[in-house]
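Notes for the structure review
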Amino acid sequence: MVHIPEVRHWFQDVLDEAVPVDAAEVATLLVTELATNAVRHADTEFTVYVALDDDLLRVEVQDRNHALPEVKAPGLEDEGGRGMFLVDRLSTRWGAEREPDIGKRVWFELAVA
């Protein structure tokens, strides 16, 4: 099983010099949140896909659970529940789709110009 720090380091290596540092930091935070959700809520293995097209970075995390994520506004005292809130607030856009016979794919796009 892959651990979240390994995903974060791999992702940083993929983005190294491909996008500006500030965009890479935001993207790393967001992929960490999606990967953490796959481990914590889906409880399955997951796959990360990364594509850079001109000035738009697209990141997808696919897992084997069909339950779609929800954006919740966490309270100040809540210990969790901020992942999709951060994805919603910091990405250019995001979405989630069920994949028949696979699970789901949660993605975000980030303008990196």
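Here is a short report on the structure shown in this document. (Residues numbered from 1 in each chain as written. Predicted model: local features only at pLDDT ≥ 70, side-chain atom pairs only at ≥ 80, totals over all residues. Heavy atoms only, no water.)

1. A short note on the pairing of strand β1 (residues 46-53)
Where we set the bar: Pairing between strands is defined by DSSP: at least two bridges between the two strands are required. Numbering of helices and strands runs from the N terminus, with a helix taken as a DSSP run of H or I at least four residues long and a strand as a DSSP run of E at least two residues long.
Here eight bridges tie β1 to strand β2 (residues 56-63), and the two strands are oriented antiparallel to one another. Across the sheet, residue Asp53 finds its bridge partner in β2, namely Leu56. Connecting the antiparallel pair β1 and β2 is a turn made up of two residues, with Asp54 showing a positive phi of about 55°.

2. A closer look at the packing of aromatic side chains
Ring pairs (aromatic) are described by centroid distance and by the angle formed between their planes. Just so we agree on the cut-off: What counts as a ring pair is set by centres within 6.5 Å for rings of Phe, Tyr and Trp (its six-membered ring), and what kind of pair is set by the plane angle: stacked under 30 degrees, edge-to-face over 60, tilted for all other angles. Comment: the charge-over-ring label is applied if NZ (Lys) or CZ (Arg) is within 6 Å of the ring centre and within 35 degrees of the ring normal.
Applying the stated criterion across every chain yields a total of one aromatic pair. Taking the centre distance of 6.5 Å and the plane angle of 45° together, the rings of Trp10 and Phe11 count as tilted. It is Arg58 that lies over the ring of Trp107; its NZ or CZ is 4.2 Å from the centre.

3. Examining the layout of surface pockets
This is how it is decided: The way it works is a 1 Å grid over only the protein atoms, where trapped points that fit a 1.4 Å probe form a cavity and open points with protein on both sides within 12 Å along at least five of seven lines form a pocket, and then any residue with an atom within 4 Å of a point lines it. Grid points are joined across faces, edges and corners, and a volume is the space filled by probe spheres set on the points. Any residue outside Ala, Val, Leu, Ile, Met, Phe, Trp, Tyr, Cys, Pro, Asp, Glu, Lys and Arg is labelled polar, Gly included; the first ten of those are nonpolar and the last four are charged.
Space inside the largest pocket adds up to approximately 510 Å³. Those elements that provide at least two residues to the lining of the largest pocket are α2 (21-42), β2, α3 (83-90) and β4 (103-111). A class-by-class count of the residues in the lining of the largest pocket yields nine nonpolar, seven polar and eight charged.

4. Things to note about the nonpolar core
We apply this condition: For this analysis, a nonpolar core means a set of buried residues of the types Ala, Val, Leu, Ile, Met, Phe, Trp, Tyr and Cys, connected via side-chain atoms within 4.5 Å. Between buried and exposed lies partly exposed: a residue is buried under 20% and exposed over 50% of the maximum accessible area for its type, with that area taken using a 1.4 Å probe on protein chains only.
Phe46 and Phe108 are the most contacted members of the largest nonpolar core, which totals 24 residues. Put simply, the parts of the chain that give this core at least two residues each are α1 (4-15), α2, β1, β2, α3 and β4. Broken down by element, the residue count for this core peaks at eight residues, all from α2.

5. What to know about unusual backbone geometry
Even without being glycine, Glu17 reaches a positive phi, approximately 65°. Of note, Glu17 is situated in the loop between α1 and α2. Of the residues examined, Glu17 reaches a relative accessible area of 76% and is grouped as exposed. Even without being a glycine, Asp54 presents a positive backbone phi close to 55°.

6. A short note on the packing of α1 against α2
Quick reminder of the rule: Only the contacting stretch of a helix is used when fitting its axis, a line to C-alpha atoms as for every element, and angles between N-to-C directions run 0 to 180 degrees. Crossings are classed by handedness, with left-handed meaning an anticlockwise turn of the near helix from the far one by less than a right angle and right-handed meaning a clockwise turn. Between two residues, a contact is recorded if the distance between any of their heavy atoms is within 4.5 Å.
It is at 10 Å that the axes of α1 and α2 come closest, and there the two elements cross at 145°. Classified by chirality, the crossing of α2 by α1 is right-handed. Contacts between α1 and α2 pair Ile4, Val7, Arg8, Phe11, Gln12 and Leu15 from the former with Ala24, Ala27, Thr28, Val31, Thr32, Ala35, Thr36 and Val39 from the latter.

Everything listed here is a matter of geometry and, on its own, says nothing about what the molecule does.
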